[in-house]
Amino acid sequence: MPLVRIALMKGPHQGYGRKIGEIVYRAMVDTIKVPHQDHFQIISEHDADTLIYDPDYLGIRRSDGVVLIQITLNEGRSVDMKKALYATIAERLHDELAIRREDVLINLVEVKKENWSFGNGVAQYA
Amino acid sequence: MPLVRIALMKGPHQGYGRKIGEIVYRAMVDTIKVPHQDHFQIISEHDADTLIYDPDYLGIRRSDGVVLIQITLNEGRSVDMKKALYATIAERLHDELAIRREDVLINLVEVKKENWSFGNGVAQYA
Amino acid sequence: MPLVRIALMKGPHQGYGRKIGEIVYRAMVDTIKVPHQDHFQIISEHDADTLIYDPDYLGIRRSDGVVLIQITLNEGRSVDMKKALYATIAERLHDELAIRREDVLINLVEVKKENWSFGNGVAQYA
């Protein structure tokens, strides 16, 4: 049910955004009970004119390795589950892809369960 | 009032996303009382590294013809209206553009009516 | 805390979208109490096949200079604050970049304060 949008700077490695997305997907399965195979993502690559970030808002030092992750998902996760999701995404992106933890930004947009159709014109969760 | 984002694979037909968008617009007018001319859309074209979908989540067989449609709109539509919207979009995309019904994914994001300005710096619906 | 997405037609001026974004950022600081340095934006450039707008919905005459601004931000701003934001963005885009006021479209998506991580895997506002 989550629809994930990932924005990052254009880099030399083709498929890099996809690798980030796989880690985000697995973190959602492991921390907020997203079903297996529920993996739908849109990735965009940018340059410095189209991906804008502040280099130290809240005292966090960001770099051009910044990754903006916006996840639309069903409402109802607890604050603790959301915190576990953020921590797991940042930790695994660091451990598996050497992305700086400071460069991982995440935003959740919550919707009702009847707000999805996964194919065939049917509201599968309603 | 809806803002529609459509993501699809890059294909040989220029303007194909625009045709999809016109069908989505007419389906919204016919099923959920979107006003005539309220037609604003952002389309993005992708390759397999930037548009990620699961090929059979919920037992629905999807292909590279997948179309992800995210609609931001005013809150308040009933579940039945949403179901009619999904069914109509999938049916018409199939009938008019030969898109597989399994390949049509839709997500709604609902907002308050004062969350829009359609020009001139005015909140026309507030 | 706001994440701003700006869509506009591809033009001859590199960095034009970024300039628009800076004005949107400053308007948010001045009208809806967005903190200084809270500046995160994703800009996309389009042609007539991928940015669709109605040329006179609600009697407002729009042109290819249209700018679609979607802002995800914390819930809780009053209607008056939102109106001030819309008016200020449209006025300054006109005054500073000669953008037609009719071409400025804005949409707000509101989320809870625990729905953000600005780095390090932490929910800084929760």
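Residues numbered from 1 in each chain as written. Chains lettered and ligands numbered in written order. Predicted model: local features only at pLDDT ≥ 70, side-chain atom pairs only at ≥ 80, totals over all residues. Heavy atoms only, no water.

The name given to chain A in an unreviewed UniProt entry is Tautomerase family protein, with Candidatus Methylophosphatis roskildensis as the source organism.

> Describe the relation of the copies chain C and chain B, and please don't skip the residues or the numbers.
Of the transformation placing chain C onto chain B, the axial shift is 0.0 Å and the rotation is 120 degrees, giving an RMSD of 0.0 Å. Such a turn and shift between the copies fits a three-fold axis. The rotation axis passes nearest to the C-alpha of V109(C) in chain C, at a distance of 4.7 Å. (Least-squares fit on C-alpha atoms with pLDDT ≥ 70 in both.)

> Can you tell me about the pattern of salt bridges, naming the residues and giving the values?
The final tally for this structure, using the stated rule, is 24 salt bridges over all chains. Notably, a salt bridge pairs E96(A) with R26(A), separated by 3.1 Å at the nearest N-O pair. With E96(A) in helix α2 (residues 79–97) and R26(A) in helix α1 (residues 16–32), this residue pair connects regions lying 70 residues apart in the sequence. Among the residues examined, E96(A) registers a relative accessible area of 41% and is labelled partly exposed. Residue classification places R26(A) among the partly exposed residues on the basis of a relative accessible area of 35%. One salt bridge in this structure joins K82(C) and E110(C), with 3.1 Å as the shortest N-O distance. (Salt bridge = Lys/Arg side-chain N within 4 Å of Asp/Glu carboxyl O. Helix = DSSP H or I, 4+ residues; strand = E, 2+ residues; numbered from the N terminus. Buried < 20%, exposed > 50% of the residue type's maximum accessible area, 1.4 Å probe, protein only.)

> Describe the interface of chain B and chain A, naming the residues involved and giving the relevant values.
Taken together, the contact between chain B and chain A spans 32 residues of the former and 32 residues of the latter. Summed over both sides, the interface between chain B and chain A buries roughly 2,800 Å², with carbon and sulfur atoms accounting for 55% of that surface. On the chain B side of the contact with chain A, D49(B), I52(B) and Y57(B) bury the most area, a combined 25% of that side's loss. For the pair chain B and chain A, the number of links is 2 salt bridges. Where K112(A) meets E110(B), a salt bridge forms, and the shortest distance between an N and an O atom there is 4.0 Å. Our count for the chain B to chain A interface comes out at 22 residue pairs in polar contact (both at pLDDT 80 or more). Mapped onto the side of chain B that touches chain A, the elements with two or more residues apiece are β1 (3–9), β3 (51–52), β4 (67–74), α2 (79–97) and β5 (104–111) of chain B. At 7 residues, the largest contribution of residues to the side of chain B that touches chain A is made by β5(B). Tallied by class, the residues present in the side of chain B that touches chain A amount to 18 nonpolar, 4 polar and 10 charged. When strand β6 (residues 116–117) of chain A meets β5(B), the two strands line up antiparallel, connected through 2 bridges. (Contact = heavy atoms within 4.5 Å. Buried area = accessible area lost by both parts, 1.4 Å probe. Polar contact = N/O pair within 3.5 Å; in protein donor to acceptor, adjacent residues only side chain to side chain. Nonpolar A, V, L, I, M, F, W, Y, C, P; charged D, E, K, R; others polar. Pairing = 2+ DSSP bridges.)

> For the relation of the copies chain B and chain A, give the residues involved together with the corresponding values.
After a rotation of 120 degrees and a shift along the axis of 0.0 Å, chain B superposes on chain A with an RMSD of 0.0 Å. A distinct binding surface is used by each copy, with only 6% of the interface residues of chain B retained as interface residues in chain A.

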